[in-house]
Amino acid sequence: MDIVFEIMIIILSALIIGLFFLGLSRKIMARIHWRYGPPIAQPFIDIIKLFSQTSTSHGTLFNLGIIFSLTGSVVVLLFLPLGKMCPLSESGGLLVIIYLMLISPLGLALSAGDAANPNASIGISRKFLLAMGYEVPLLLIFLAVMTYYNTISIAEIVNIQLLTGWSFQHLPLLLSGIAYALILPAIIGFRPFEMIQAPQEIASGPMAEYGGKFLAFTTIQHAFNVFIGISLFTNLFLGGAGNPGYFFLKMLIVFILFLFVNAVTPRFRIEQAIRYLWRWPALLAFVGLIIAVITG
Amino acid sequence: MDRNKLGKWLKSPGKMGQKYSLHALYFCTGCGIIEIPPTITARWDAERFGVIPVATPRQANLFLITGYVSVKTLRAIIRSYEQMPEPKYTVGFGSCPINGGMYWDSYNTIKHLDKYIPVDGWIAGCMPRPEAVFVAVTHLWTLIDKGMADGYKNYRKNYNSYRANQEKVLGKLEWPPLFSIKD
């Protein structure tokens, strides 16, 4: 009973915090442009509107893929500790997360591929190339963290950090943390890695054929994705937190910092992004891994 | 603006959502599109009204037709309009879609847009200022509130006559009828 309650709390808070982050990003971007901007609740208004509209389906896989994608994100959420809450902390840990993080792009690809829109195909190919770009440094970062702490469980890593201080204070994990910060915009789809959606050049990419409730589901999935990327960073490198309030405060600060990067940078082309991701973050993560192996 | 009244949100969430989240499809016909970039960017900021541009008709529910409509673009306008999810609202922008404007005797533009797709409101002028777009948006809110922005229902109901008008100008249309044609 307790675990069901925890699962519901985590999914609900991830939904609300994720959508709140999206609204906050629109408001802060507007203030940076010297505009007044929409209300912070605008993503909630959009979701309510999208669910009240009619929508066009393009086939069975179109419907199932989007559910597959949303499920992938929700399952990853359950493996991440939120404060002390982590319903699935006993099983898997970082190794499972690195597998599960590919499910949501895969579901979106199945779904958008069924719509047979050329813009959607370009968007999907960019999404997978980008995933290939950031998975290499991400794996090296995870290996360094697992080697340093001698465990694969995130809950345990958070507990150790509560005793011995943030991971950022130790040298090998400082390098890994910087590498994660460099790939975080790619994971959550922020500029300069916004080439998946790119409304001005490929008509919002995989989202081109989504309308009505399908678009609502993709927006929710994006909100979950933002939550997962930042929550992983907070848990692994910023020490997690004992209670959810402090955890959300840390996430908020990280999110606003990356929002400023998002506001002032243009968009990479896909091959520039791959070249960047496999060069600097991968190099830093690799050096971090080697130091972690030698000293640990 | 009753965007912050919780009672109205609980009473009819769908209608309030449709009011305050207008995703606009700007159809770049004619010179009216010149007025749209300042409207949506930093100078006039349409986003504070919940109006943002989207890339494809599937995501849109507000259709702004900016400027004269040539016969060739009418085909694309009809296809885009039919792809938008309901409920959807159309606003004709500038005097050309209303009655032809300065192109009233042109051989290649249509005179009255509302013969071919239903139009919920007009913004008169040549050119209308960006402020006029916001007046139109706030007016559209009252129309949605009273249930008078029902162009999409009219399109369903009178699809026969709309389709006949479209075929009169464009010849045989290559896509099948959206709704069943009863005669």
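Quick look at the structure, then. (Residues numbered from 1 in each chain as written. Chains lettered and ligands numbered in written order. Predicted model: local features only at pLDDT ≥ 70, side-chain atom pairs only at ≥ 80, totals over all residues.)

### Side note on the overall build of chain A
Then, in step 1: For chain A, the count of helices and strands is 12 helices and 0 strands.
Then, in step 2: Scaling as 2.2 N^0.38, a compact globule of 296 residues should have a C-alpha radius of gyration of about 19 Å, and chain A matches this with 19 Å.
Then, in step 3: For chain A, the C-alpha atoms occupy an extent of roughly 55 × 50 × 45 Å along the three principal directions.
Then, in step 4: Expressed as a percentage of its 296 residues, the buried residues of chain A come to 50%.
Then, in step 5: Excluding contacts between residues fewer than 6 apart, the proportion of contacts in chain A whose partners are at least 24 apart in sequence is 80%. (Helix = DSSP H or I, 4+ residues; strand = E, 2+ residues; numbered from the N terminus. Rg over C-alpha atoms; globule rule 2.2 N^0.38 Å. Buried ≥ 20, exposed ≤ 12 C-beta atoms within 10 Å, placed from the backbone. Contact = placed C-beta atoms within 7 Å.)

### Quick notes on the overall build of chain B
Then, in step 1: On a plain count of helices and strands, chain B comes out with 8 helices and 5 strands.
Then, in step 2: Its C-alpha radius of gyration of 16 Å places chain B within 12% of the 16 Å reference for a compact globule of 183 residues.
Then, in step 3: Projected onto its principal axes, the C-alpha coordinates of chain B cover approximately 50 × 40 × 25 Å.
Then, in step 4: Relative to its 183 residues, chain B shows a buried fraction of 42%.
Then, in step 5: Pairs at least 24 apart in sequence give 75% of the contacts found in chain B among residues at least 6 apart.

### Side note on the nonpolar core
Then, in step 1: Within the largest apolar cluster, 131 residues are counted, with the highest numbers of intra-cluster contacts made by L62(B) and F63(B).
Then, in step 2: With 15 residues, helix α10 (residues 213-237) of chain A is the largest single contributor of residues to this core.
Then, in step 3: When neighbours within four sequence positions are excluded, F63(B) is seen to be in contact with L25(B), F27(B), Y81(B), M84(B), K88(B), Y89(B) and T90(B). (Core = buried A, V, L, I, M, F, W, Y, C linked by C-beta atoms within 7 Å.)

### Description of the pairing of strand β4 (residues 89-93) of chain B
All names here are of chain B.
Then, in step 1: Taking burial as the measure, the 5 residues of β4 include 5 buried ones, the bulk of the element.
Then, in step 2: Note on the crossover from strand β3 (residues 62-66) through helix α4 (residues 71-83) to β4: the handedness is right-handed.
Then, in step 3: Taken together, the 3 bridges between β4 and strand β5 (residues 121-123) define a ladder with parallel strand orientation. Paired with V91 across the strands is G121, a residue of β5. (Right-handed = clockwise from strand over helix to strand, strands pointing away. Pairing = 2+ DSSP bridges.)

### Concerning unusual backbone geometry
All names here are of chain B.
Then, in step 1: The step from E86 to P87 runs through a cis peptide bond, and the omega angle for that step is -5°.
Then, in step 2: The topology assignment puts P87 in the loop between α4 and β4.
Then, in step 3: Across the junction of C126 and M127, the peptide omega takes the value -5°, indicating a cis bond.
Then, in step 4: Its place among the elements puts M127 in the loop between β5 and α6 (130-146).

### Details of the sheet that holds β5(B)
All names here are of chain B.
Then, in step 1: The strand order across the open sheet built from 5 strands is β2-β1-β3-β4-β5, with neighbouring strands paired in parallel fashion. The open sheet has two edge strands, β2 (52-53) and β5, and neither has a second partner.
Then, in step 2: Where strand β1 (residues 23-27) meets β2, 2 bridges bridge the pair, whose relative direction is parallel. Looking at the pairing, A24 lines up with P53 of β2.
Then, in step 3: Helix-sheet contacts for α4 involve β1, β3 and β4, and the interaxial angle to β1 is about 170°.
Then, in step 4: Along the sheet face, α6 touches β4 and β5 and points at about 165° away from the line of β5. (Axes fitted to C-alpha atoms, helices over the stretch in contact; angles between N-to-C directions.)

### With respect to α6(B)
Residues and elements named next belong to chain B.
Then, in step 1: Taking 1.5 Å as the rise per residue, α6 with 17 residues should run 24 Å; its terminal C-alpha atoms sit 25 Å apart, in good agreement.
Then, in step 2: Listed in full, the buried residues belonging to α6 are V133, A136, V137, L140, W141 and I144. On an axial view of α6, the arc spanned by its buried residues comes to 150°, and they lie on one face. Of the exposed residues in α6, the ones pointing more than 90 degrees away from its buried face are E131, T138, T142 and K146.
Then, in step 3: G147, located one to two residues past α6, shows a positive phi value of around 75°. (Expected span 1.5 Å × (residues − 1). Arc of directions from axis to C-beta.)

### Description of the pairing of β1(B)
Residue and element names in this part refer to chain B.
Then, in step 1: Counting buried residues along β1, 5 of its 5 residues qualify, which places the element largely inside the surrounding structure.
Then, in step 2: Burial along β1 is two-sided: the residues H23, L25 and F27 and A24 and Y26 are all buried.
Then, in step 3: Where β1 and β3 come together, 4 bridges link them in parallel fashion. Directly across from A24, in β3, lies its bridge partner L62.

### Focus on the environment of L82(A)
Residue and element names in this part refer to chain A.
Then, in step 1: Mapped onto the elements, L82 comes out in the loop between α3 (60-79) and α4 (94-100).
Then, in step 2: With 182 residues separating them in the primary sequence, L82 and V264 have C-alpha atoms 31 Å apart.
Then, in step 3: Leaving out residues up to four positions away in the same chain, L82 has contacts with I10, S13, P244 and F247.

### Comments concerning the packing of helix α2 (residues 13-20) of chain B against α6(B)
All names here are of chain B.
Then, in step 1: At their nearest, the axes of α2 and α6 sit 9 Å apart, and the two run at 165° to each other. It follows from the interaxial angle that α2 and α6 lie roughly antiparallel. When you trace α2 past α6, the crossing you get is right-handed. Taken together, the residues of α6 that come into contact with α2 (itself represented by K15, Q18 and K19) are W141, I144 and D145. (Parallel < 35°, antiparallel > 145°, perpendicular 65-115°, else oblique. Left-handed = near helix turned anticlockwise from the far one by under 90°.)

### Quick notes on the packing of helix α8 (residues 171-187) of chain A against α10(A)
Residues and elements named next belong to chain A.
Then, in step 1: Put simply, α8 and α10 touch, their axes get as near as 10 Å, and they point 175° apart. Our classification of the angle between α8 and α10 gives roughly antiparallel. The residues of α10 that touch α8, namely those facing L173, G177, Y180, L184 and I187, are G229, F233 and F237.
Then, in step 2: Its residues assigned to classes, the contact of α8 with α10 comprises 6 nonpolar, 2 polar and no charged. (Nonpolar A, V, L, I, M, F, W, Y, C, P; charged D, E, K, R; others polar.)

### What to know about the environment of A124(B)
Then, in step 1: Secondary-structure assignment places A124(B) in the loop between β5 and α6.
Then, in step 2: Along the primary structure A124(B) and G94(B) are separated by 30 residues, whereas in three dimensions their C-alpha atoms are 5.0 Å apart.

### Side note on the environment of R191(A)
Residues and elements named next belong to chain A.
Then, in step 1: Along the chain, the position of R191 falls in the loop between α8 and α9 (199-202).
Then, in step 2: In sequence terms R191 and V261 are 70 residues apart; their C-alpha atoms lie 7.4 Å from each other.
Then, in step 3: Ignoring sequence-local partners within four residues, the contact set of R191 consists of P185, N262, T265 and R267.

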